[in-house]
Amino acid sequence: VSDSRLPRVVGLLALLAACALPFFLSNFRLFQFSQVCIYAIAILGLNMLTGYNGQFSLGHGAFYAIGAYASAIMMDRWNISYIWTLPVAGVLCLVVGFLFGLPALRLEGLYLALATFSLALAVPQILKYFEHWTGGSQGLVLSKPNAPFGLPLNPDQWLYFVCLAVLVLLFWLGANLLRGRVGRAIVAIRDNHIAAEAMGINTALYKSLVFGVSAAYTGVAGALSASVIAYVAPDSFNVFLSVTLLIGSVIGGLASISGAVFGAMFIQFVPNWAQDISKAAPWAIFGVFLIGFMYLMPFGIAGGIRLLWIRATRSRVQQEGRSAVPTQAHTTT
Amino acid sequence: MDIFIQQVVSGLATGGIYASLALALVMIYQATDVVNFAQGELAMFATYVCWSMINAGLPYWVAFVSTLGIAFMGGVIIERVIIRPVEHAPILSIVMVTLGLLVICNSLAGWIWTYVQKPFPSPFPERPLKIDNIVFGAHDLGEIQVTLLVLLCIYLFFRFTPLGLAMRAAAHNPVSSRLVGIRVGWMLALGWGLAAVFGAVAGMMVAPVLTLEPNLMGGVQIYAFAAATLGGFTSPGGAVLGGFIVGVVENLVGTYVSFIGTELKFTVALAMIIVVLLVKPTGLFGTTVVKRV
């Protein structure tokens, strides 16, 4: 297997394994894996913004909340099918994210972090305020959809497949977006925005667009979570949700697509194990991991795997007497 | 009119708390170009330490002063041990480390002292002060005094002592300072220590009002952000003034704009931050940082 094909083969095998999961796992475990898919989508959105475009967001939980509530309100009020709420939530978040991205353009690094952090803090209050629509602090209780066409799947299994399908679709779209011309422009802005501008890239437009697309991904993830959990409440969208997403993004690997999946697994499963120690333990462990990764593995799990892979292949290449050393490792910062 | 004056005074009292925390944020920002997202949580932790000491039977002011000492040491140690390794890392790494600190402090406090709300004593008399028909809360007035005293001390320290001068120099121009023999690394650590002290003051002053719990400082911190943004992250005096302005505005808006009340408090702060950043990103007293390409 050649270097370029291996990741694709691994990805395909992982996808096959993911498709087989529903037939081996209990409903509760499956629910957790649906959550992993959802987090992975949200984290990919965050990766685009922070990893590829170099803009901070400590407030992506806000877009997750908007997506979740948009979907929940559509289902609750107008009986719209959950499937149709997904694109609507995505478009809504795209618009909101784009609009939030416009003023954010003027804000560099830390100021953007501040503004988004405040947004994350403010969201639960705003949600509670519009009680008429959001059900206040009680939240909205929804029902899980059944599998269509008489498929022999229970709701949890069906929702898992929906999440997985959306994940694959969005990852495919995202990978194509980031690999092409647009992706190169996005990375160029991160690496040196003045040079990027001099090359004729409309940095203002691209930055707002990335903010919008990133928000849209996170919004779709939020909308999916409304169906999977079948319940939305303002306090589940507090500032810690935003921090969780960011932790997943950093631990998985900021400027990587596969990193989003690793990060999602981390934020889904590590707290579960940690909860056995103490109610407060998950966050302490998150914090320790976060700081530890910043010291030891700033490129996250995906970056670590890539480095190991390069090291392994490099020694093989040297043995074969060729000098084709892959240079991809340094596209991450 | 009476209500108005009352609200302004109590606004100044909360403003003093925002001012202390904003000053802490600005000090660290000036020295290291980092916004310490964990500042509020460190303050909360210090407040819990104070609570434990009072609970163990120490008189209030003894506990208060020893807490300040512990906070100072804590700040210095955190800078030396946790922040130092990422000092020259990209901003994102440093922000992530402070976020890590935030969640660690928050969960440790919950772990040690549980999430149950605890009453925190106020050192000031219960009886409110009455002038004509206007009632001033004694705690409010005491708060203002304590804040002003701390600010005065810090002003004198930075203005008239050699150590204060060295710290300012280290923040302003690290390379030249090192050349004249200032130990820049230690000055940064001292800065973190002092910032932790301001935070602790803010925490201990606000705890009697909000009752002590691990999420005590979330709201205070967002207002301190607003204060620092309004005054300018590059201007300590501006941040203090910003704190008082923000406190008064928050109170007046809460009283007179009926649809906001207390339910949208954070949203007001968010709006303030965004408006300031849109209209005058450097804040009222900040200086524009010019970058050379």
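Everything in this summary refers to the structure shown in the same document. These numbers come from a predicted model, not from an experiment. (Residues numbered from 1 in each chain as written. Chains lettered and ligands numbered in written order. Predicted model: local features only at pLDDT ≥ 70, side-chain atom pairs only at ≥ 80, totals over all residues. Heavy atoms only, no water.)

**Remarks on the overall build of chain B**
Note the threshold: Under the DSSP-based scheme used, a helix requires at least four consecutive residues in state H or I and a strand at least two consecutive residues in state E, with every element numbered from the N terminus. Only C-alpha atoms enter the radius of gyration, while the globule expectation follows 2.2 Å times N to the 0.38, with N the number of residues. Accessible area is worked out with a 1.4 Å probe on protein chains only. A residue is then buried under 20% of its type maximum, exposed over 50%, and partly exposed in between. The contact criterion used throughout is that any non-hydrogen atoms of two residues lie within 4.5 Å. In these tables, accessible area is a Shrake-Rupley quantity obtained with a 1.4 Å probe, and a residue counts as shielded only by the protein chains included in the view. The sign given to each residue is positive for Lys and Arg and negative for Asp and Glu; His and the chain ends receive no count. Note on charges: their place is set at NZ of Lys, CZ of Arg, CG of Asp or CD of Glu.
Within chain B, the regular secondary structure consists of eleven helices and two strands. Helices and strands appear in chain B in the N-to-C order α-α-α-α-β-β-α-α-α-α-α-α-α. The C-alpha radius of gyration computed for chain B amounts to 19 Å, which stays within 12% of the reference 19 Å derived for 293 residues, consistent with globular compactness. By its C-alpha atoms, chain B is 60 × 50 × 35 Å across when sized along the principal axes. Across the 293 residues of chain B, 56% fall into the buried class. Considering only contacts in chain B between residues 6 or more positions apart, those separated by 24 or more positions represent 75%. Only carbon and sulfur atoms are counted for the fraction: they give 70% of the accessible area of chain B, which is about 12,900 Å². Computed over 13 positive and 12 negative side-chain charges, the separation of the two mean positions in chain B equals 16 Å.

**Some thoughts on the overall build of chain A**
When you go through chain A residue by residue, the secondary structure sums to 14 helices and two strands. The dimensions of chain A, computed from C-alpha atoms along their principal axes, are 65 × 50 × 40 Å. Going through the 333 residues of chain A one by one, you find that 54% of them count as buried. A total of about 15,100 Å² of accessible surface is found on chain A, and carbon and sulfur atoms cover 66% of it.

**Observations concerning the interface of chain A and chain B**
The cut-off we apply is this: Summed over both partners, buried area is the accessible surface (1.4 Å probe) that two parts give up on being assembled. One side-chain nitrogen of Lys or Arg within 4 Å of one carboxyl oxygen of Asp or Glu is enough to make a salt bridge. Under this definition, polar contacts are N or O atom pairs within 3.5 Å; protein pairs additionally need one hydrogen-donor-capable and one acceptor-capable atom, and for neighbouring residues in sequence, both atoms have to be side-chain atoms.
Taken together, the 40 residues of chain A in the interface contact 49 residues of chain B. A combined buried area of about 3,900 Å² lies between chain A and chain B, and 81% of that area is made up of carbon and sulfur atoms. For the chain A face of the interface with chain B, the top three residues by lost area are Leu110(A), Tyr111(A) and Tyr129(A), together amounting to 17%. Linking chain A to chain B there are zero salt bridges. Run the count over chain A and chain B and you get two residue pairs in polar contact (both at pLDDT 80 or more). Every element with two or more residues in the side of chain A that touches chain B is listed here: helix 4 (82-104), helix 5 (109-129), helix 11 (239-252) and helix 13 (281-296) of chain A.

**A word on unusual backbone geometry**
Residues and elements named next belong to chain B. One non-glycine residue, threonine 114, adopts positive backbone phi at about 60°. Positive phi, normally seen in glycine, also occurs at threonine 211, with a value near 60°. Here threonine 211 shows up in the loop between helix 8 (184-210) and helix 9 (218-231). We classify threonine 211 as partly exposed; its relative accessible area is 25%.

**What to know about helix 3 (residues 60-78) of chain A**
All names here are of chain A. The following threshold applies: What a helix should span is 1.5 Å times the count of its residues minus one.
Across its 19 residues, helix 3 extends 27 Å between first and last C-alpha, which sits within 8% of the 27 Å expected from 1.5 Å per residue. Helix 3 sits mainly inside the fold: 15 of its 19 residues count as buried. Once helix 3 finishes, asparagine 79 follows within two positions and takes phi at roughly 55°, a positive value.

**Considering helix 2 (residues 27-52) of chain A**
Residue and element names in this part refer to chain A. Going by this rule: One axis fitted to the seven residues ending at a residue, another fitted to the seven starting there: the angle between these axes is the bend at that residue.
Between its terminal C-alpha atoms helix 2 stretches 36 Å, which fits the 38 Å expected from 26 residues at 1.5 Å a residue. The largest bend in helix 2 comes to about 30°, at leucine 46. Positioned one or two residues after helix 2, glycine 54 has a phi angle of 75°, which is positive.

**Details of the pattern of salt bridges**
Two side chains carrying opposite charge are able to pair once their charged atoms lie near each other. Scanning all chains against the criterion turns up three salt bridges over all chains. The shortest N-O distance in the salt bridge between Glu79(B) and Arg80(B) comes to 3.5 Å.

**Re a nonpolar patch on the surface**
Residues and elements named next belong to chain A. Defined as follows: Patch definition: residues with relative accessible area over 30% and no salt bridge; like charges joined within 9 Å; nonpolar side chains (Val, Leu, Ile, Met, Phe, Trp, Tyr) joined within 5 Å.
On the surface, Val91, Leu94, Val95, Leu99 and Leu102 cluster together to form a nonpolar patch covering roughly 410 Å² of accessible area. Counting through the fold element by element, valine 95 comes out in helix 4. Overall, valine 95 belongs to the partly exposed group, its relative accessible area being 43%.

**Remarks on the packing of helix 1 (residues 2-32) of chain B against helix 5 (residues 138-160) of chain B**
Packed helices, taken two at a time, are described by the angle their axes make and the gap between the axes. All names here are of chain B. Spelled out, the test is: Here the axes come from fitting lines to C-alpha atoms, over the contacting stretch only for helices, and the angles between their N-to-C directions go from 0 to 180 degrees. Each angle is binned into one of four classes, with values under 35 degrees roughly parallel, values over 145 roughly antiparallel, values of 65 to 115 roughly perpendicular, and all other values oblique. For a crossing to be left-handed, the near helix must be turned anticlockwise from the far one by less than a right angle; the clockwise case is right-handed. Classes in brief: Ala, Val, Leu, Ile, Met, Phe, Trp, Tyr, Cys and Pro nonpolar; Asp, Glu, Lys and Arg charged; the others, Gly included, polar.
Packing of helix 1 against helix 5 brings their axes to within 8 Å, and their N-to-C directions diverge by 30°. Here helix 1 is positioned roughly parallel relative to helix 5, judged by the angle of their axes. Seen along the crossing, helix 1 lies across helix 5 with a hand that is left-handed. The residues of helix 5 that touch helix 1, namely those facing Val9, Ser10, Leu12, Ala13, Thr14, Gly16, Ile17, Ser20, Leu23 and Met27, are Asp140, Leu141, Glu143, Ile144, Thr147, Leu151, Ile154 and Phe158. Class assignment of the residues belonging to the contact of helix 1 with helix 5 gives a composition of eleven nonpolar, five polar and two charged.

Geometric values such as these leave the question of function open.
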